Amino acid sequence: MKSAVIVFPGSNCDRDMAVALEKITGQKPLMVWHQDYDFDKVDFIALPGGFSYGDYLRCGAMSARSHVMKEVVKRAEDGVPTFGVCNGFQILTETGLLPGALMRNANLHFVCKDVKMTVENADSMFTNAYKAGEEITIPVAHHDGNYFADDETLDRLEGEGQVAFKYAQDINGAQRRIAGVMNARGNVLGMMPHPERMIESPLGGSDGRKMFESVMNTLG
Amino acid sequence: MKNGNEIKITPELVKEHGLNEEEYARIKSAMGREPNYTELGIYSVMWSEHCSYKSSRFHLKKLPTKAPWVIQGPGENAGVIDIGDGQAAIFKMESHNHPSYIEPYQGAATGVGGILRDVFTMGARPVANMNALRFGEPSHPKTRHLVAGVVEGIGGYGNCVGVPTVGGETNFDPSYNGNILVNAMTVGLADADKIFYCAAAGVGNPVVYVGSKTGRDGIHGATMASAEFTDDSEEKRPTVQVGDPFTEKLLIEACLELMATDAIIAIQDMGAAGLTSSSVEMASKGGVGFELDLDTVPQRETNMLPYEMMLSESQERMLMVLKPGREDMAKAIFEKWELDFAVIGHITDTGNLTLKFGGEVVGDMPINSLVEDAPEYERPFEYTPKRQAISVKAPADLNKAAMDLIGGPNLCSRRWIWEQYDHMVMGDTIQRPGGDAAVVRVHGTEKALAISTDVTPRYCFADPVEGGRQAVAETWRNITAVGALPLAITNCLNFGNPERKDIMGQFVGCLEGMGEACRALDYPIVSGNVSLYNETNGKGILPTPAIGGVGVMKDSARMATVAFGGAGQTVVLIGETKDELGASLYQREIMGEDAGAPPHVDLTLERRNGDFVRALIENGQVATCHDLSDGGLIAALADMAMAGGVGVNVTVGDDLPVHTHLFSESQARYLVATDADTAEEIRKEAKDAGIPVTVLGETGGERITVNHGALDLDLHALKAAHEGWLPTYMANAS
């Protein structure tokens, strides 16, 4: 599985994502600097966490309008599995690839801790290695993870199995405790928790591995 | 063209610049003439306490700074130690006290930014941030606002640059009501043969400015940090700088990218006193002169005067000397990262700092006089009178005393704070905040760094020499307790007004104790910072020489944590408990007194007991270990039980009253927990080595009990109190 990690000015989980991808897939990912948007064909695109463009304007808003994101959107629409964590999720909502928006945490504080969440849909290309309803522990680290969409959208997301993960407890005020959502086609996932930070026991657990393994299963 | 030098130098103006008559006379004799306005500003910051260490230098020289593993001791941007395999750890701690009191968010944020730059200037990738925070008493009307702002500022900066904030310490004491302490520490990693220094060389070589543009912020920050506070200090808000962590992140990446080439001869960050101190430092270390053309300095505001440009403390800026002909390559890297890049001058052989503006020379000063001629004071001092050892009475209710202490402001969980810091980014944090020391892996290896910041200001006040020893010993013990070998320290010496004999006595005493401990533990000082004049309206803070220690663990799989590993473990105390409740947390918080001698630090025992415990962890005999410090045995037992989610039942001897056993803060003690057979092995080994050892009891159940119910606490209630205090306090709007 050949993957690419897109790097913006201010990305800061790009190395963590690359380490996780290399450890799990056995292949070093291509690191794509935002200006080098004409990058090689890959099987999987990851948008890492961080503070791209310093979160200025709105988290993810500036990156979403970059050249490289135009290319990512095109490839995602062609079906390439595309995955955004934290700031990557914010960028995906800003591009419109995913519905909804991520607002400031309800208590207005940055939060970094392990959180329990449940796997809501275990049939997707990102989650098939998990069991449906399985409770997993993955850390969060964000200031703007409060997922918002209107009720109609939320009903549709839940009805169509587009909600991949939900927090077991409220941690940031997210509507219906949503932690991660997919697009209708199921090839784009955005989530606030960081699976790349939970890939071996010295880091506190390995519940994040199955996210990557699911994609590998799907791609064969 | 107006350049500021038309302003006439008057005695009032000299005084406003924090220079006394004698100092001004020195400037005139060094220059052989009257300085102009620009030059006066430059002398005033270079000779400020903050930049010149004029009150402390004489005593700092006495500290031990050498060991075979020390690559660079004090005098550079940060200290450097060899951690084996061709790798080096680079670290320093620095204060940002005055700005943080005036504007807590930006003060703390720029404190983090400044210390990060000190470390990556030397070629290191920063891998961990730590801090040491002191606030006033919780009931003071400003405390809540200051805690919220400082924590938000540290998080706001560190989280964005993507360096994990892995630990620190936070205390409350009335002496900090008008003068909080914000000390930030950064640790970085580099190849031992790729360290960058600040000594400029090569006449004619270009002097290059990179990073953010220069504005009018922070002018005279260094002078502000060298004076006492008064009630109108908040009017000094314009001297507080504003940070931009996004730019800092770009600056880190751009500098590290350029450092991978061979273009850089010397590099220095622009910290306190900005362009002035960075250029003077580089020229002075290299024994050369600098000519700067101030019209080429990237500026954020219009009509800036030379004085303002030279004294601005705008953040996220660096100064470099490049090899000739590498400017274009370097410029391309900085343009890629969307940062300013400008050649602003060149090296000369005049030995002067020469400033040009609008085609005219507006300042011309001998570099030597700015650095070497700075006054050095051997200020008079009086040692703190010795206190007598005392015994402290038992509490009316032992359970309540323990509960109040563990669920009170000084021992309660700091989770509310560290959950606002990204402590996991970079994917190598293997011991998170809340333990004895933070542990981060050396990326891609089996090794790890252990880091701890400590000082007990109560002890330093009661007996500065003992307190100085204890601060060093406690970081050493905390690093040992996770299984690492402590290698070196950085310090941040926060004291009151050195012009007062008693304060200077505290300073001298603490340094004596620190020096002794460093020598006894082979634990040299490789970098540091002094912050004096921490006073408001003539009332000084508790002497607070914060120590940041760094150690190395060869095999990070053999790491100990404080958490009990389930029921049925045997709990063993290494070291001896004595009647040492003087200046203890128990005495202060429960009995409402602060009297008597603090616990004695015997450095021979400290080393012997610590080496023994570290071997137990390295051999795999122990994976649960906690050092004993504030709050004594009961605080340590509670930490271990709460972290492990299991109770413990212990018995202490009748040689001392139960409350003395539980709350005494005797030094050189550790608790370990392991299986019964291994515990018996450990007991024998300790006995053979002549080390006091006591099998205290066993883990299990959901209560903490001592001597069959003399103390009996419900673990869940204790945890609720321990976790609850800080969030409850912070949620109560004042």
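Chemist: Could you give an account of the overall build of chain A, naming the residues involved and the relevant values?
Modeler: Check the secondary structure of chain A and you find 6 helices and 11 strands. Relative to the compact-globule value of 17 Å for 220 residues, chain A shows a C-alpha radius of gyration of 15 Å, a close match. Taken over the C-alpha atoms alone, chain A extends approximately 40 × 35 × 35 Å along its principal axes. Per-residue burial over chain A gives 62% buried out of 220 residues. Put simply, 73% of the contacts in chain A that link residues at least 6 apart link residues at least 24 apart. For chain A, the exposed area adds up to about 8300 Å²; of that, 47% sits on carbon and sulfur atoms.

Chemist: Before we move on, can you summarise the domain arrangement of chain B with the specific residues and values?
Modeler: Residues and elements named next belong to chain B. Domain annotation for chain B reports domain 1 (66–191 + 427–559), domain 2 (196–358) and domain 3 (401–424 + 560–734). Computed over C-alpha atoms, the centres of domain 1 and domain 2 are 26 Å apart. Contact residues are listed per partner, giving 40 residues for domain 1 and 40 residues for domain 2. Each partner contributes to the roughly 3200 Å² buried at the junction of domain 1 and domain 2, and carbon and sulfur atoms together form 56% of this total. Across the domain 1-domain 2 interface, the total number found is 2 salt bridges. A salt bridge links Glu248 to Arg117; the nearest nitrogen and oxygen atoms lie 2.6 Å apart. Applying the counting criterion to the domain 1 and domain 2 interface returns 10 residue pairs in polar contact (both at pLDDT 80 or more). Within the residue set of the side of domain 1 that touches domain 2, elements represented by two or more residues are β1 (70–72), α6 (97–102), α7 (104–120), β4 (125–135), α8 (143–161) and β19 (535–536).

Chemist: Can you break down the packing of α7(B) against α8(B) residue by residue, with the values?
Modeler: How two helices sit against one another is set out by the angle between their axes and by the gap between those axes. All names here are of chain B. Packing of α7 against α8 leaves a shortest axis separation of 7 Å and a crossing angle of 40°. Judged by the sense of rotation from one axis to the other, the crossing of α7 with α8 is right-handed. Where α7 abuts α8, its residues Pro104, Tyr105, Ala108, Ala109, Val112, Gly113, Leu116 and Arg117 lie against His145, Leu146, Gly149, Val150, Glu152, Gly153, Ile154, Gly156, Tyr157, Gly158 and Val161. Along the lines of polarity and charge, the residues of the contact of α7 with α8 split into 11 nonpolar, 6 polar and 2 charged.

Chemist: For the environment of Glu281(B), give the residues involved together with the corresponding values.
Modeler: Along the chain, Glu281(B) turns up in helix α11 (residues 274–286). The class of Glu281(B) is partly exposed, set by a relative accessible area of 29%.

Chemist: Could you give me a rundown of helix α19 (residues 501–520) of chain B, with the residues and numbers involved?
Modeler: Residue and element names in this part refer to chain B. Taking 1.5 Å per residue, 20 residues should reach 28 Å; α19 reaches 29 Å between its end C-alpha atoms and fits that length. Within α19, 14 of the 20 residues are buried, leaving the element largely enclosed by the surrounding structure. One or two steps after α19, the chain reaches Asp522, where phi turns positive at roughly 50°.

Chemist: Explain α11(B) residue by residue, including any values.
Modeler: All names here are of chain B. Across its 13 residues, α11 extends 18 Å between first and last C-alpha, which sits within 8% of the 18 Å expected from 1.5 Å per residue. Of the positions making up α11, those classed as buried are Gly274, Leu275, Thr276, Ser277, Ser278, Ser279, Val280, Met282 and Ala283. Gly287 lies just past α11 and shows a positive phi near 65°.

Chemist: Could you give an account of the nonpolar core, with specific residues and numbers?
Modeler: Within the largest apolar cluster, 183 residues are counted, with the highest numbers of intra-cluster contacts made by Phe83(A), Tyr147(A), Phe165(A), Ile81(B), Phe334(B) and Leu449(B). In this structure Phe334(B) touches Val210(B), Leu251(B), Ala254(B), Cys255(B), Leu258(B), Met320(B), Leu339(B) and Phe341(B), once residues within four positions along its chain are discounted. Counting residues in hydrophobic clusters, the runner-up holds 49 residues, among them Tyr24(B), Tyr43(B), Tyr209(B) and Ala374(B).

Chemist: Let's hear about the packing of aromatic side chains: which residues, and what values?
Modeler: Using the criterion set out here, one finds 18 aromatic pairs over all chains in the structure. Look at Tyr586(B) and Phe663(B): their rings are 4.4 Å apart centre to centre, the planes differ by 10°, and that puts the pair in the stacked class. Here Tyr586(B) is found in helix α20 (residues 585–589), whereas its partner Phe663(B) is found in helix α23 (residues 658–663), with 77 residues between them in sequence. The same class applies to Tyr586(B) and to Phe663(B), which are both buried. When the ring centre of Phe39(A) is taken as reference, the NZ or CZ atom of Arg75(A) above it lies at 3.8 Å. A cation over an aromatic ring shows up here: Lys336(B) above the ring of Trp33(A), its NZ or CZ 5.0 Å from the ring centre.

Chemist: Describe the packing of α8(B) against helix α10 (residues 245–259) of chain B, with residues and values.
Modeler: Residue and element names in this part refer to chain B. Packing of α8 against α10 leaves a shortest axis separation of 8 Å and a crossing angle of 35°. For α8 against α10, the interelement crossing comes out right-handed. Contacts between α8 and α10 involve Gly156, Tyr157, Cys160 and Val161 from the former and Pro245, Phe246, Glu248 and Lys249 from the latter. A breakdown of the residues in the contact of α8 with α10 according to their chemical character gives 5 nonpolar, 1 polar and 2 charged.

Chemist: Could you give an account of a negative patch on the surface, with specific residues and numbers?
Modeler: Residues and elements named next belong to chain B. Negative charge collects at one region of the surface, where Asp675, Asp677, Glu681, Glu685 and Asp688 lie side by side. Mapped onto the secondary structure, Asp688 falls in helix α24 (residues 676–688). On the basis of relative accessibility, which here comes to 70%, the residue Asp688 falls in the exposed class.

Chemist: Would you mind going over the sheet that holds strand β23 (residues 624–627) of chain B in detail, with residue names and values included?
Modeler: Residue and element names in this part refer to chain B. Read across the open sheet, the 7 strands follow the order β23-β25-β22-β26-β24-β27-β28; overall the sheet is mixed. With one partner strand each, in any of the chains shown, β23 and β28 (711–714) form the two edges of the open sheet. This sheet shows a mean twist of 20° between the axes of neighbouring strands, independent of strand direction. Against the sheet, helix α22 (residues 632–644) engages β22 (570–574), β23, β24 (648–650), β25 (670–674), β26 (693–699), β27 (703–706) and β28, with an angle of about 145° to β23.

Chemist: How would you sum up the pattern of salt bridges? Please name residues and give values.
Modeler: Oppositely charged side chains may form a pair once their charged atoms are brought near each other. All chains considered together, the criterion is met by 60 salt bridges over all chains. Across the pair Asp422(B) and Arg197(A) runs a salt bridge whose closest N-O atoms are separated by 2.8 Å. On the criterion of chain membership, the pair formed by Asp422(B) in the loop between α16 (415–418) and β14 (429–431) and Arg197(A) in the loop between β11 (188–191) and α6 (209–219) is interchain, its members lying in two chains. Accessibility expressed as a relative area gives 4% for Asp422(B), which makes it buried. For Glu335(B), the salt bridge is made with Lys331(B), and the minimal N-O distance between the two is 3.8 Å. A residue pair is termed a helical-turn pair when its members lie 3 or 4 positions apart in one helix, as Glu335(B) and Lys331(B) do in helix α13 (residues 327–336) at 4 residues. Among the residues examined, Glu335(B) registers a relative accessible area of 48% and is labelled partly exposed. One network of salt bridges, with partners in common, ties together Arg15(A), Lys23(A), Glu200(A), Asp428(B) and Arg441(B).

Chemist: Describe a nonpolar patch on the surface, and please don't skip the residues or the numbers.
Modeler: Residue and element names in this part refer to chain A. Residues Tyr56, Leu57 and Met62 make up a contiguous nonpolar surface patch of roughly 320 Å² in combined accessible area. Structurally, the position occupied by Met62 is in helix α2 (residues 61–64). Among the residues examined, Met62 registers a relative accessible area of 36% and is labelled partly exposed.

Chemist: Would you mind going over empty space enclosed by the protein in detail, with residue names and values included?
Modeler: Residues and elements named next belong to chain A. Inspection of every chain in the model, using the stated rule, returns 3 cavities of 30 Å³ or more. The volume enclosed by the largest cavity comes to roughly 120 Å³. For the lining of the largest cavity, the secondary-structure elements that each account for two or more residues are α4 (87–95) and β7 (135–142). Partitioned by chemical class, the residues of the lining of the largest cavity number 6 nonpolar, 9 polar and 4 charged.

Criteria and cut-off values
Residues numbered from 1 in each chain as written. Chains lettered and ligands numbered in written order. Predicted model: local features only at pLDDT ≥ 70, side-chain atom pairs only at ≥ 80, totals over all residues. Heavy atoms only, no water. Helix = DSSP H or I, 4+ residues; strand = E, 2+ residues; numbered from the N terminus. Rg over C-alpha atoms; globule rule 2.2 N^0.38 Å. Buried < 20%, exposed > 50% of the residue type's maximum accessible area, 1.4 Å probe, protein only. Contact = heavy atoms within 4.5 Å. Areas by Shrake-Rupley, 256 points an atom, 1.4 Å probe, with all protein chains shown as cover. Domains from an automatic or database assignment. Buried area = accessible area lost by both parts, 1.4 Å probe. Salt bridge = Lys/Arg side-chain N within 4 Å of Asp/Glu carboxyl O. Polar contact = N/O pair within 3.5 Å; in protein donor to acceptor, adjacent residues only side chain to side chain. Axes fitted to C-alpha atoms, helices over the stretch in contact; angles between N-to-C directions. Left-handed = near helix turned anticlockwise from the far one by under 90°. Nonpolar A, V, L, I, M, F, W, Y, C, P; charged D, E, K, R; others polar. Expected span 1.5 Å × (residues − 1). Core = buried A, V, L, I, M, F, W, Y, C linked by side-chain atoms within 4.5 Å. Phe/Tyr/Trp six-rings, centres within 6.5 Å; stacked < 30°, edge-to-face > 60°. Lys NZ or Arg CZ within 6 Å of the ring centre and 35° of its normal. Patch = residues over 30% accessible without salt bridge, like charges linked within 9 Å, V, L, I, M, F, W, Y side chains within 5 Å. Lys, Arg positive; Asp, Glu negative; His and termini not counted. Charge placed at Lys NZ, Arg CZ, Asp CG, Glu CD. Pairing = 2+ DSSP bridges. 1 Å grid on protein atoms, 1.4 Å probe; cavity = no way out; pocket = protein on both sides within 12 Å on 5 of 7 lines; lining within 4 Å. Points joined across faces, edges and corners; volume = space filled by probe spheres on them.

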